[in-house]
Structure formats: structure tokens, C-alpha cells
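Structural overview
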Amino acid sequence: MNNPPLSRITGKRRRPSEFLLYGLIYLLAACLAVLVLLLVGYILVRGLPAITVPFLTTAENPILETVGIFPSIVNTLYIVFFALIICVPLGVGGAVYLSEYAKNKKLVGAIQFASETLAGIPSILYGIFGYVFFCVLLNLHVSLIAGVLTLTIMVLPIMMRTTQEALRAVPKAYREGALGLGATKWYLIRTILIPSSLKGILTGVILSVGRMVSESAALLLVAGGSAMYMPRGSVWEQLSHSGSTLSVELYRYAMSRGDNGTAFGIASVLIVIVALLNLLTRFVAWRLNKK
Amino acid sequence: MTKKTSVLSGKSAKPLVERAMNLIFLICGLASVISVVFMTVYMVASGGAIIAETGVLRFLLGRIWNPGSSEFGILPMILASLLATLCAVLVALPVGVLIAVFLAKLSPGKLAAGMRTFIDLLAGIPSVIYGLLGALLIVPMIFRLQKAAGLPNGGSLLAAILILVIMILPTIISVSETALRTVPKQYEEAALALGSTRLQCIFKVTIPAAKSGIVAGMVLGTGRAIGEAMAVMMVSGNAAIMPELLRPVRLLTAAIPIEWAYSSGLHRQALYGIGLVLFVFIMIINILLRQIMKKGGAHDE
């Protein structure tokens, strides 16, 4: 009867100081969860009422005093689409070079370092570089195409890293088998390596889209402008004009005009896009694990 | 393996397609190197002009920023940026590590997965939305403090710090969590077997073993904080005066988008100069990060 309780022997008894620490940890975790729910909830509650069919499908009309974000949706799609067209082959190619071709250790180190450096440069500096290089030096002016090129460099490290990880996961036996059967290197890459790392590449694409959709500082400088008019003219004509994406438009409504209702409407659209992209990443990862 | 193929096919007999593809992949690989070289060259070239004109010391240590009379001293902005970043990291680091401990060690798997969805969402929210929320929720919260101190209401350094804390938390949490998870199980088992409690084990064994990963997370968070432009610009009030916690401040990053539209000539060049100063800060952080990762990698082996 006088035996000490089991918990004292196994050291499971908790000291008051430990209770405090446990309490603090659980409290912080709970606070974070509540914070996210509050922030997202607040945006949606204030923003969703603004979202109507005309809001999404028309341009702003100062005479009728209606607002619409269709032009900036189109600008966002243009920038994302064309940046991906350049960036995906470039990023995948770079990753293939690093993992399949490069033999010179110094070169590999330089490419890795460059890619890490690009990933660490903040978007406002991409904005300055893009302006000085693409808009002024290459004479592209402040335009969507300058935005496309700037964002291409910005998301290049994301594409390279995810593709590299996917290539690393392809078993060595695949490569040895193909080369042993007499396949050339390009044939091996084309028919085996790229198809088997397709899901990794897809993850890179989704992450890149997320980064581009939320980008504002760089685009404000290089693609700037506003999105007042419905899109017109050929694709090239539109690309060579300035135009703002959804994030930049949000900034304009909130800061230059103090129209918070519209800003929250755009914010809700962006939150929905970000949440969908997150779900998509998970879905791709889940399919990857199942395979 | 490669030797065998080269013996069979012969190096000189490599078909044209192969050689062309080799070259194309090389160019793709070099794209990032070329980008970094070009960025460095053009940042230095565009930002160097104003610094050469006003002198390094007068630009970096000047206290007065008045584009109208061509006075470009950015010391208040440098101090504001450093102060905001330092405070944000000091707050976010302990909070982030404790939440990472919760996710990696204390919470049941399903709860941790749910929390991670939240953290991913937090990481994905565009910075303009943080700016909007900050301007409407955080800035008014500080009004009472400002009133008590007898200062006018408005954006402040404190608001910028709070918004940065929220923005860098996801980075610190996810990097620290990964670091905590990769600590070998034997370390913890040994500590537990020797009679330490769960928390003693975490704080005396797991966290010290994951130190290099946690430091990497901190440096990454620092880089994010010092480079953030839009969100801090929307909450910090933007007065280029010496920083005080409850007064409006202007950060280096914020100065660029604010004045961009109406700047030209020397004024625009001064903004390029601010860009160059930021670029140098970021490069230092990048190199620091690389050293830490290298050291951490060597430690694991």
C-alpha cells in the first residue's frame, strides 16, 4: 500500500514548471489556428458580398459607378500563362542538366548557388531589375510582357528545385536499364525521366502559379498601370500594354482610392485561388504517394 | 556504365540531336547563373550612380531624406528596416519553434496535418492582403497606445513588426518542424531511457540537435522580413524619420514603391541606390544561409 505511485517511478509525474510550458505550447498552437480562421473568415465575410457576376465579368465604369475586375483577371491569366510557357522548359531543362549531364563540380555548385540566391531575392528588387533591364534597356516599356519576363526569373528556382527533387526520386535502375538497352541520353530523358517526374514538375507549376498570383511589388514597377478597360486587340497588343493583375489592383483600390469593399472582394477571390492551389498540391502529392 | 556506352557507340559518333540537346540543357542550367550575374551587374550599375554622386557615407549615414532639395540620406530607413526585422524575428523565433515542437512532437498526427493546412494557407496569402488586414485591424489596435503616449494616430513601427511576425511565422515553423523531425530517434530514446521527462528531452536533446535547421529557418525568416515591401508599406505610416516604436516609419523596401510613380532623374536614382543597399543585405543573408546549411549538412554525416 505504501508503494509510491507508478507515475513517480516512471518519471511521468509533471512538475509545475512543465505544466506551464505545456500550457504555453498548446496555447500558442491554438492561437495560431484561431488567428488563421479569424483572418480568412474576416476577409471572406467582408469580401464575398462584393462578388457578383458583373463584378467578375465587367470592367470598372466610372460613369455608372460600377466596379468590375474582369480586365485584371485577364491580365493575371496572361502573365501566369506566358511566364509558365517560358519558365517550365527552362526550369525542367536546368534541373535535367544538373542531375543528368553536369560533371564539373564547380559548375554544379555555381548553378545551385545561383538558384538559391534567386530564391532569396525579394520581389521589390526583381521589380527594380525588371524595370532597368526589361523596360528600359530592352525597350519593352512598362508592360505585361516585361512582367512575364521578370516573373519568369522569379519562379525559375521553384521549378528547378521541385523538378530536381522529382528526378532524384527516379530509381537508378531505370537509367541503367535504358542506357544498357542502347537508348541515347535524350531518348532516356524524353521517354523515362520526364514522364516519371511529371508529378514533381506539376507541383512546381502549382507553386509557381501561387507565387505569381500573389505577386504585387515587382509587377507594380514593371507591369504597373491599371486595368480599366475590357481587353481588346490581339494577344501581342495586350501584352505590350501595361496592366495590373489582381494583387496589384487590390493594392490600388485599398491604398490609392480607399475603396475597401472592392479591395476585400478581390482579396476573397485571391484567398479562394490560394486555397484551391494548396488543395491541388496536396492532391498531386497524394496521387504521387498512391502510385 | 557511361564508359560502356561510350565504348559501344563511340564518342565521336554521337548523333547531332544528342549534341544539340546537351547544349540546350546546358543553356537551361546556366539560365539561373546568367540571371544572377545580370541582376548583380544592373543593380550595382543603376544603384551605384547616386552613391557615387552623394558619397557612400553621406548616402548611408545621412539623416535627411528630402528629394525636393536633392538630399538623399537613408540612415532612418536603414535603421527602421533593421529594427523591424530584428524585433519581428525575436518575437517569431520562440513562438515558431514552440509551435514546431507542438507539430513535430506533441500533437496527434491528424491534428498536426490539419494545422499544417492552416500554416500553408498563411504562407500563401499574398502580401497585399496582409497589408490590407494590417491597415484595418492592427493599425487601429495601436491607436490607444499612441493616444496614451500623446502621439498622433496612424501607422507605426509596431504595426510593421506585428505584420512581419505573422508573415514570417510559417517559414520559421515549417523549417524548424522539418529540422526537429530529422533528429535521430536514438537521441530521444536514450534521453527518455535515462529518465528525462518528455519536455526535458525535447528542450535539452531534440532542440539542440536540430539547432542548425532552426537557425536556417531564422535566417530565411530574416530574409523574408527585410525584403517585404507591400505589407509593411501599408501599415507603417511612411515618414522618413528616425524610428520610434509608436511613430510612423519608412522602411527601405517601402520607400521604393511609394515614391516610384512620381520620381525621376536623381530621385529615381536614389531609389535604385536604396535597391542596391537592400541587395547587399540580401546577399549577406544568402551567403550566411549557405554557410549554415553546409555546416549543418557536415554535422549530420
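Residues numbered from 1 in each chain as written. Chains lettered and ligands numbered in written order. Predicted model: local features only at pLDDT ≥ 70, side-chain atom pairs only at ≥ 80, totals over all residues. Heavy atoms only, no water.

This next bit is on the overall build of chain B. Counting secondary structure elements, chain B contains 13 helices and two strands. On C-alpha atoms alone, chain B measures out to a radius of gyration of 25 Å, which is more than a quarter above the 19 Å that the 2.2 N^0.38 rule sets for 301 residues. C-alpha extents for chain B along the principal axes are approximately 75 × 65 × 30 Å. Going through the 301 residues of chain B one by one, you find that 51% of them count as buried. Taking contacts inside chain B between residues at least 6 apart in sequence as the whole, the part at least 24 apart equals 71%. Looking at chain B as shown, the accessible area adds up to about 13,700 Å², and 68% of this sits on carbon and sulfur atoms. Measuring between centres, the 24 positive side-chain charges of chain B sit 4 Å from its 12 negative side-chain charges. (Helix = DSSP H or I, 4+ residues; strand = E, 2+ residues; numbered from the N terminus. Rg over C-alpha atoms; globule rule 2.2 N^0.38 Å. Buried < 20%, exposed > 50% of the residue type's maximum accessible area, 1.4 Å probe, protein only. Contact = heavy atoms within 4.5 Å. Areas by Shrake-Rupley, 256 points an atom, 1.4 Å probe, with all protein chains shown as cover. Lys, Arg positive; Asp, Glu negative; His and termini not counted. Charge placed at Lys NZ, Arg CZ, Asp CG, Glu CD.)

All names here are of chain A. With 15 residues, helix H6 (residues 123–137) ought to run about 21 Å at 1.5 Å a step, and its terminal C-alpha atoms sit 20 Å apart, in line with that. Maximal helix bending in H6 amounts to about 35°, located at Gly130. Taken across its 15 residues, H6 has 13 buried, putting it largely inside the fold. Positive phi shows up at Asn139, right after H6, with a value of about 60°. (Expected span 1.5 Å × (residues − 1). Bend = angle between axes of the 7 residues up to and from the residue.)

A few words now on helix H6 (residues 127–148) of chain B. It helps to recall that an α-helix has 3.6 residues per turn; residues three or four apart then point in one direction. Residues and elements named next belong to chain B. With 22 residues, H6 ought to run about 32 Å at 1.5 Å a step, and its terminal C-alpha atoms sit 30 Å apart, in line with that. By the largest-angle criterion, Gly134 marks the main kink of H6, which is about 45°. Taken together, the buried positions of H6 are occupied by Ser127, Val128, Ile129, Tyr130, Gly131, Leu132, Leu133, Gly134, Ile138, Val139, Ile142 and Gln146. Taken from the residues just after H6, Gly150 is the one with a positive phi, measuring 75°.

A:Leu250, B:Ile74, B:Ile129, B:Tyr130, B:Leu252 and B:Ile274 are the most contacted members of the largest nonpolar core, which totals 187 residues. Each residue touching B:Ile74, except ones within four places of it in the same chain, is listed here: B:Phe59, B:Leu60, B:Gly62, B:Trp65, B:Leu252, B:Ile274 and B:Val277. (Core = buried A, V, L, I, M, F, W, Y, C linked by side-chain atoms within 4.5 Å.)

Parsing chain A into structural domains produces domain 1 (15–50) and domain 2 (72–241). On a C-alpha basis, the centres of domain 1 of chain A and domain 2 of chain A stand 35 Å from each other. (Domains from an automatic or database assignment.)

Moving on, we come to the pattern of salt bridges. As enumerated under the stated definition, the model contains nine salt bridges over all chains in all. Note that A:Glu100 and A:Arg175 form a salt bridge whose closest N and O atoms lie 2.8 Å from each other. Taken together, the residues span a long stretch of sequence, with A:Glu100 in helix H4 (residues 70–101) and A:Arg175 in helix H8 (residues 172–180) at a distance of 75 residues. Neither residue differs from the other here; A:Glu100 and A:Arg175 are each classed as buried. A cluster of three or more residues bridged by salt bridges with shared partners is formed by B:Arg116, B:Glu177 and B:Arg181. (Salt bridge = Lys/Arg side-chain N within 4 Å of Asp/Glu carboxyl O.)

This next bit is on the packing of aromatic side chains. Each aromatic ring pair is specified by the distance between its two centres and by the angle formed by the two planes. Tallying each qualifying case throughout the model produces 19 aromatic pairs over all chains. Ring centres 5.8 Å apart and planes at 40° place the aromatic pair A:Phe283 and A:Trp286 in the tilted group. Of this pair, A:Phe283 and A:Trp286 both sit in helix H14 (residues 260–290), three residues apart, which is roughly one turn of that helix. A residue is classified by how much of its surface remains accessible, and A:Trp286, at 47% relative accessible area, is partly exposed. Through a chain of ring-to-ring contacts, the aromatic side chains of A:Phe129, A:Phe133, A:Phe134, B:Phe38 and B:Tyr42 assemble into a single cluster. The ring of B:Trp260 has B:Arg268 sitting right over it, with the charged end atom 4.0 Å from the ring centre. (Phe/Tyr/Trp six-rings, centres within 6.5 Å; stacked < 30°, edge-to-face > 60°. Lys NZ or Arg CZ within 6 Å of the ring centre and 35° of its normal.)

It is worth spelling out a nonpolar patch on the surface at this point. Taken together, the side chains of B:Ile34, B:Val37, B:Phe38 and B:Val41 make up a nonpolar region of the molecular surface, amounting to roughly 320 Å² of accessible area. Judged by relative accessible area, which is 33%, B:Phe38 ranks as partly exposed. (Patch = residues over 30% accessible without salt bridge, like charges linked within 9 Å, V, L, I, M, F, W, Y side chains within 5 Å.)

Glancing now at the environment of B:Glu177. All names here are of chain B. Within the secondary structure layout, Glu177 lies in helix H7 (residues 157–181). For Glu177, a relative accessible area of 5% translates into the label buried. Separated by 74 residues in sequence, Glu177 and Leu103 place their C-alpha atoms 7.0 Å apart. Among all residues touching Glu177, those that are not within four sequence positions of it are Ala100, Leu103, Ala104 and Arg116.

This part covers the confidence of the model for chain B. Residues and elements named next belong to chain B. Here chain B averages 89 in pLDDT, and 94% of its residues register 70 or above. Within the model, pLDDT remains below 50 along residues 1–7, and this stretch shows six contacts once partners closer than five positions in the same chain are excluded. Predicted complex metrics record ipTM = 0.88 and pTM = 0.89. (pLDDT = per-residue confidence, 0-100.)

Before going further, it helps to spend a moment on the interface of chain B and chain A. With 75 residues of chain B in contact, the opposing surface of chain A contributes 80 residues. Of all residues in chain B, the largest losses of buried area upon contact with chain A belong to B:Phe25, B:Met39 and B:Arg290, amounting jointly to 9% of the total for that side. Counting every contact that joins chain B to chain A gives two salt bridges. Salt-bridge contacts for A:Arg282 lead to B:Asp120; the nearest nitrogen and oxygen are separated by 2.9 Å. Put simply, chain B and chain A have seven residue pairs in polar contact (both at pLDDT 80 or more) between them. The residue inventory of the side of chain B that touches chain A, partitioned by class, reads 54 nonpolar, 15 polar and six charged. (Buried area = accessible area lost by both parts, 1.4 Å probe. Polar contact = N/O pair within 3.5 Å; in protein donor to acceptor, adjacent residues only side chain to side chain. Nonpolar A, V, L, I, M, F, W, Y, C, P; charged D, E, K, R; others polar.)

All names here are of chain A. By secondary structure assignment, the location of Ser123 is in helix H6. Classification of Ser123 as buried rests on a relative accessible area of 16%. Only 3.3 Å separates the side chain of Ser123 from the side chain of Glu215, close enough to count as a polar contact. Non-local contacts of Ser123, meaning those with residues more than four positions away in its chain, are made with Met154, Arg211, Glu215, Ala217 and Ala218.

Let us now look at unusual backbone geometry. Residue and element names in this part refer to chain B. One non-glycine residue, Ser70, adopts positive backbone phi at about 55°. Within the element layout of this structure, Ser70 appears in the loop between strand S1 (65–66) and strand S2 (71–72). One non-glycine residue, Asn238, lies in the positive phi region at around 60°. Within the secondary structure layout, Asn238 lies in the loop between helix H11 (230–235) and helix H12 (252–260). Judged by its relative accessible area of 18%, Asn238 falls in the buried class.

Moving on, we get to the side chain of B:Asn286. Structurally, the position occupied by B:Asn286 is in helix H13 (residues 266–300). A relative accessible area of 11% places B:Asn286 in the buried class. Excluding residues within four positions of it along the chain, B:Asn286 makes contact with A:Glu116, A:Thr117 and A:Gly120.

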